[in-house]
Amino acid sequence: TNFIQYIQKDLFEDLIFLKHLDLSNNSIIFIENFSFRNLIILETFILDLNKNFRVITEKIIYGLEKIKLMNMDQEIFESSKNIKKLTLNIKCGLI
């Protein structure tokens, strides 16, 4: 458990070789747009168990094109009505 509340867009700017990012079980309430834009080889993105974070937008996850595992709470998607397109490429057949 950590107490991260805000993710600023330059926080991960120099971590271009990062493959796994686990932000679960924090107190995140706000993620700035384009915060993950330089994480072009990121494969695992975990954001669940952040009870105060409720909205994910296309601009927040911009650049996460190599993701193989993304774990978020269901409530994030339910309240993210502004997402116009969500593409899931399922390789193992399970959701």
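In case you missed it, the structure is sitting above this.
All figures in this text were calculated on a predicted structure; none of them were measured in a lab.

Enquirer: Can you tell me about the overall build of the protein chain, naming the residues and giving the values?
Expert: Looking only at helices and strands, one finds one helix and five strands in the protein chain. From first element to last, N terminus to C terminus, the protein chain shows the α and β order β-β-β-β-β-α. Residues counted as buried form 29% of the 95 residues belonging to the protein chain. Across the protein chain, every contact between residues at least 6 apart in sequence was considered, and the portion connecting residues at least 24 apart equals 58%. Accessible surface, the protein chain: about 6,900 Å² in total, of which carbon and sulfur atoms supply 53%.

Enquirer: Describe in detail the nonpolar core, supporting the description with residues and values.
Expert: Core analysis: the largest hydrophobic core is formed by 16 residues, its most contacted members being Leu21, Leu23, Ile31, Phe36, Phe45 and Leu47. Discounting chain neighbours no more than four positions away, the residues touching Leu23 are Ile4, Ile7, Phe12, Ile28, Phe36, Phe45, Ile46, Leu47 and Asn50.

Enquirer: Give me the sheet that holds strand β4 (residues 44-46): which residues, what numbers.
Expert: Strand order in the open sheet formed by three strands is β2-β4-β5, and the pairing between neighbours is parallel. Because the sheet does not close on itself, it has two edges, and the strands there are β2 (20-22) and β5 (69-71). For this sheet, the mean inter-axis angle between neighbouring strands, taken without regard to orientation, is 5°.

Enquirer: I'd love a proper account of the packing of aromatic side chains, names of residues and values included.
Expert: Counted under the stated rule, the structure contains three aromatic pairs. Between Phe36 and Phe45, the ring centres sit 4.9 Å apart and the planes meet at 65°, which makes this aromatic pair edge-to-face. You can call Phe36 buried: its relative accessible area is 0%. One aromatic cluster is present, formed by Phe12, Phe36 and Phe45 through successive ring pairs.

Enquirer: If you had to explain the pattern of salt bridges to someone new, which residues and values would you point to?
Expert: On inspection of all chains with the given rule, the structure shows three salt bridges. With a closest N to O distance of 3.1 Å, Glu13 and Arg37 form a salt bridge. Of the two residues, Glu13 is situated in the loop between β1 (6-7) and β2 and Arg37 in the loop between β3 (30-31) and β4; the sequence distance between them amounts to 24 residues. Accessibility expressed as a relative area gives 34% for Glu13, which makes it partly exposed. Using a relative accessible area of 25% as the deciding quantity, one classes Arg37 as partly exposed. Residue Lys68 is joined to Glu43 by a salt bridge in which the shortest nitrogen-to-oxygen separation is 3.9 Å. A residue pair is termed long-range when its members are at least 10 positions apart, and Lys68 in the loop between β4 and β5 and Glu43 in the loop between β3 and β4 qualify at 25 residues. Take Glu43: its relative accessible area is 21%, and that puts it in the partly exposed class. The network of salt bridges with shared partners includes Lys19, Glu43 and Lys68.

The rules behind the values
- Residues numbered from 1 in each chain as written.
- Predicted model: local features only at pLDDT ≥ 70, side-chain atom pairs only at ≥ 80, totals over all residues.
- Heavy atoms only, no water.
- Helix = DSSP H or I, 4+ residues; strand = E, 2+ residues; numbered from the N terminus.
- Buried < 20%, exposed > 50% of the residue type's maximum accessible area, 1.4 Å probe, protein only.
- Contact = heavy atoms within 4.5 Å.
- Areas by Shrake-Rupley, 256 points an atom, 1.4 Å probe, with all protein chains shown as cover.
- Core = buried A, V, L, I, M, F, W, Y, C linked by side-chain atoms within 4.5 Å.
- Pairing = 2+ DSSP bridges.
- Axes fitted to C-alpha atoms, helices over the stretch in contact; angles between N-to-C directions.
- Phe/Tyr/Trp six-rings, centres within 6.5 Å; stacked < 30°, edge-to-face > 60°.
- Salt bridge = Lys/Arg side-chain N within 4 Å of Asp/Glu carboxyl O.

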